[in-house]
Amino acid sequence: MLHTDSVYQIYSPSSVLGLFSNALKINATINLIYLKGRYAYGGGKAYGNYYYDNLFSESDNISIGVRISALLRTKIVNNDVYTLRGYIEKSIKNSSVELRFVVDEIIQQEERAISEEELQRYELIQEKLKKGSTDLETVIRNKILKEEPIRIANIYGNNAIVQRDFAEGLDVSQKYIQVSEYTCSITSSTSIAEKLKEVSKSEYDIIALVRGGGDRQSMETFNDITLSKLFINLPAVSVTAIGHTVDETLLDKLADKRFHLPHDYGAGLHAIVEKLLHEKSNSRALLIDEVKKDVSKQFTEQVKTLSEQLAKKTEEFQKLQEISSKQLIDTQKNFTEQQKQRQLEMDNYKKEISVLYEKNLQSVINEKTASLKAGMESLQKENSRLTTEVQQSKGDYSKIIIAVIVALLIGFAVAKIL
């Protein structure tokens, strides 16, 4: 039962968000303001002639999204510090407020001073250059020559799904590699460092950080100085495959081997293993040939003769194959031509039979007609003869009658005389 004694306003979720969006109005959203920070490129594509990048605070990694026109973007140098003028635009999505700074003008570009952190990064890179990189292919070669499995530790993020990409790239080389999988919070330098300490205690040949990608801000984890110091001193070959191709993080620069994507990492290992197995196979074949030459010199000529015979037989077989193929093609061609010829002959036979049939039919008709005409003529002649005979028969009867009468008259006269 509805209660009509109290009246109240009913809102929809969209109308509530609209009310709050209109209510969140401050000077920064309606007036031009100035922002200063380190400019970082976002995606590489423009949408509607605008780029969507980020502006980071100089003292920390907090950032705000930036929308800038393509023309102004051409004047921006990535990772430099700028003072920009513009306004804040906002939108409410799924009960959250998203703020973005729309750039109207570039006010000033400041010269970058070398910070303490950048100096530490430079020193780490120099230390890595001095120490040198462990060659990934050399490590894998030694394991294959010893017929030992290649032990790998892959560190993934919690709930990661890129293990399948790595396995697909690795393909059939999986039988030569033992992969151990570890997980941690891949966006936390502290969590990664703890996992590296744990993994480095085991005797792995390769230790890799594997990630399927992510936003640019989360990539700052791989620029951490403490994490980098630990990474540079790993006892195994250090590998990165953290899913980004635009920028190169500090860990990428310090790694013994860098891959862009997890699939590239697996495919790279597969290519190395396949190459080394091919080389090993060739080396083994050469070694066997040398041993044969040293141990069985007296059979050299026989081997040579047999090889020549085999080559000759092979050549004859190839020629026979070519001749057979040619004969088969010719036979098929002749058969096709014969079929065509027989078809033409059958068509001609059908035409001749049709013509002969018509001629024979006409001949039979003509013969029957001639026979009928001859019969008609014979009948007509017979009829004429009979008619003549009848007429002649009528004349003979008259003569007989006259003769009889004359005889009677003579007889009567003679009788009277006598």
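Residues numbered from 1 in each chain as written. Predicted model: local features only at pLDDT ≥ 70, side-chain atom pairs only at ≥ 80, totals over all residues. Heavy atoms only, no water.

**Points about the pairing of strand β2 (residues 50-56)**
Pairing of strand β1 (residues 33-40) with β2, which is carried by 3 bridges, proceeds in the antiparallel orientation. Along β2, the bridge assignment pairs A40 with N54. Relative to strand β3 (residues 63-69), β2 runs antiparallel, the two sharing 7 bridges. When the bridges of β3 are listed, Y51 appears paired with I68. Hairpin connection of β2 to β3: 6 residues between the antiparallel strands. (Pairing = 2+ DSSP bridges. Helix = DSSP H or I, 4+ residues; strand = E, 2+ residues; numbered from the N terminus.)

**Structural notes on the packing of helix α4 (residues 116-131) against helix α8 (residues 225-232)**
The N-to-C vectors of α4 and α8 enclose an angle of 5 degrees; their axes lie 11 Å apart at closest approach. Considered as vectors, α4 and α8 are oriented roughly parallel to each other. Between α4, through E117, Q120, R121, L124, E127, K128 and K131, and α8, the contact on the second element is made entirely by I225, S228, K229 and I232. A per-class count over the contact of α4 with α8 returns 3 nonpolar, 2 polar and 6 charged. (Axes fitted to C-alpha atoms, helices over the stretch in contact; angles between N-to-C directions. Parallel < 35°, antiparallel > 145°, perpendicular 65-115°, else oblique. Contact = heavy atoms within 4.5 Å. Nonpolar A, V, L, I, M, F, W, Y, C, P; charged D, E, K, R; others polar.)

**Some remarks on helix α6 (residues 163-170)**
Of the positions making up α6, those classed as buried are Q163, F166, G169 and L170. The buried residues of α6 occupy an angular sector of 130 degrees when the element is viewed end-on, so they sit on one face. Count one or two residues on from α6 and you reach D171, which has phi positive near 55 degrees. (Buried < 20%, exposed > 50% of the residue type's maximum accessible area, 1.4 Å probe, protein only. Arc of directions from axis to C-beta.)

**Considering the pattern of salt bridges**
One pass over the structure, following the stated rule, counts 16 salt bridges. The salt bridge involving E89 is made with R100; its shortest N-O contact spans 3.3 Å. Remark: R100 occurs in strand β5 (residues 96-110) and E89 occurs in strand β4 (residues 81-93); sequence separation between them is 11 residues. In this structure E89 comes out as partly exposed when scored by relative accessible area, which is 24%. Each member of the salt-bridge network shares a partner with another, and the members are R67, E89, E98 and R100. (Salt bridge = Lys/Arg side-chain N within 4 Å of Asp/Glu carboxyl O.)

**Some points on the side chain of R38**
Among the secondary structure elements, R38 is positioned in strand β1. Among buried Asp, Glu, Lys and Arg side chains, R38 stands out as unpaired, with E220 the closest opposite charge at 4.4 Å. Among the polar contacts listed, one links the side chain of R38 to the side chain of N79, at a separation of 2.9 Å. With residues near it in sequence (within four places) discarded, R38 still touches N54, L55, F56, N61, N79, D80, V81 and E220. (Lys, Arg positive; Asp, Glu negative; His and termini not counted. Polar contact = N/O pair within 3.5 Å; in protein donor to acceptor, adjacent residues only side chain to side chain.)

**Thoughts on the pairing of strand β8 (residues 206-210)**
The buried fraction of β8 is high, at 5 of 5 residues. Across the two faces of β8 the burial is the same, with I206, A208 and V210 and I207 and L209 all buried. With 4 bridges connecting them, strand β6 (residues 150-157) and β8 associate as parallel partners. Paired with I152 across the bridge in β8 is I206. Pairing geometry for β8 and strand β9 (residues 237-241), over 5 bridges, is parallel. Its bridge partner lying in β9, L209 is registered against T240.

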